[in-house]
Amino acid sequence: TMKWVTRDRVHLDRVACPWLIKRFVDKGAEFVFVAWGQEDDRPADAIPYALPGVELSPHDDAGSTFDKIMRKYNLKDPALDILAQVVNSGIHQSLHHGHKDEFDVPRIEGVGLGAMSEGIMLITRDDHDNLDKSFLMYDAMYAYCRSVVIQHDDPSLKDMKLLDRSAEIKKRLQAALK
């Protein structure tokens, strides 16, 4: 079991990363949050993420922290690649206050993910409660991304009626997750 540390008041990338870690790197991971400006007082036995000057630094020209964790732990999954695009788009939209450049599906989902992430941050009592309440949202977004991959890989699904297509995708998702 690994211990991880980031700044407090987590949202978007700093919530997506614990979800990614718990689901794909270390199911028993523990998370510690330090106050902004007190990053140097972090536990020495914890892996820092989304902190300035660390290997898994905050979003920059090398990508989001989510991207960096995917690369470091060699996570190869087309659905995670789509989810990373959504997370990156949400970060971009958050930083640029919803500036709309071009119509782009990951951008649209990123706006929604950013809004939901900020909303959950505002209604939860602390960062641990935020993670608990946010993980279902990321599980659902990952399932959605997996469904995009399934439909891309099997174009015949688009010819099915909506309810039949949804049932087939759900069946395939559940089989893949066993």
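In this text the structure is predicted, and so the values were computed from the model without any measurement.

A. How the structure looks around the packing of aromatic side chains. For the coordinates displayed, the defined rule picks out 7 aromatic pairs. Their ring planes at 35° and their centres at 6.2 Å tell us that Trp19 and Tyr138 sit as a pair that is tilted. Here Trp19, found in helix 1 (residues 13-25), pairs with Tyr138, found in helix 5 (residues 127-153); they are 119 residues apart in sequence, far enough to count as distant. Put simply, the rings of Trp4, Phe31, Tyr49 and Tyr73 pair up and form one aromatic cluster. Taking the ring centre of Trp36 as reference, the NZ or CZ of Arg7 above it sits at 4.0 Å. Taking the ring centre of Tyr73 as reference, the NZ or CZ of Lys72 above it sits at 5.8 Å.

B. Representation of the side chain of Ser57 in the model. Within the fold, Ser57 resides in the loop between strand 3 (47-48) and helix 2 (65-72). Under the relative-accessibility criterion, Ser57 is labelled buried at 10%. Here the side chain of Ser57 touches Lys68 through a polar contact of 2.7 Å, side chain to side chain. With residues near it in sequence (within four places) discarded, Ser57 still touches Ala50, Leu51, Thr65 and Lys68.

C. Representation of the sheet that holds strand 3 in the model. The strand order 2-1-3 describes an open sheet built from 3 strands, whose pairing is parallel. The strands lining the two open edges of the sheet, one partner per strand, are strand 2 (30-34) and strand 3. Relative to strand 3, strand 1 (residues 3-7) is paired through 2 bridges, and the arrangement is parallel. Pairing of Trp4 across the sheet is with Ile47, part of strand 3. Its contacts with the sheet put helix 1 on strand 1 and strand 2, and the angle it makes with strand 1 is roughly 170°.

D. The state of the cysteines, seen in detail. Enumeration according to the criterion identifies 0 disulfides in this entry. In this model Cys17 remains outside any disulfide bridge; the closest cysteine sulfur is found in Cys145, 15 Å from its own. Residue classification places Cys145 among the buried residues on the basis of a relative accessible area of 0%.

Basis of the calculations
Residues numbered from 1 in each chain as written. Predicted model: local features only at pLDDT ≥ 70, side-chain atom pairs only at ≥ 80, totals over all residues. Heavy atoms only, no water. Phe/Tyr/Trp six-rings, centres within 6.5 Å; stacked < 30°, edge-to-face > 60°. Helix = DSSP H or I, 4+ residues; strand = E, 2+ residues; numbered from the N terminus. Lys NZ or Arg CZ within 6 Å of the ring centre and 35° of its normal. Buried < 20%, exposed > 50% of the residue type's maximum accessible area, 1.4 Å probe, protein only. Polar contact = N/O pair within 3.5 Å; in protein donor to acceptor, adjacent residues only side chain to side chain. Contact = heavy atoms within 4.5 Å. Pairing = 2+ DSSP bridges. Axes fitted to C-alpha atoms, helices over the stretch in contact; angles between N-to-C directions. Disulfide = S-S within 2.5 Å.

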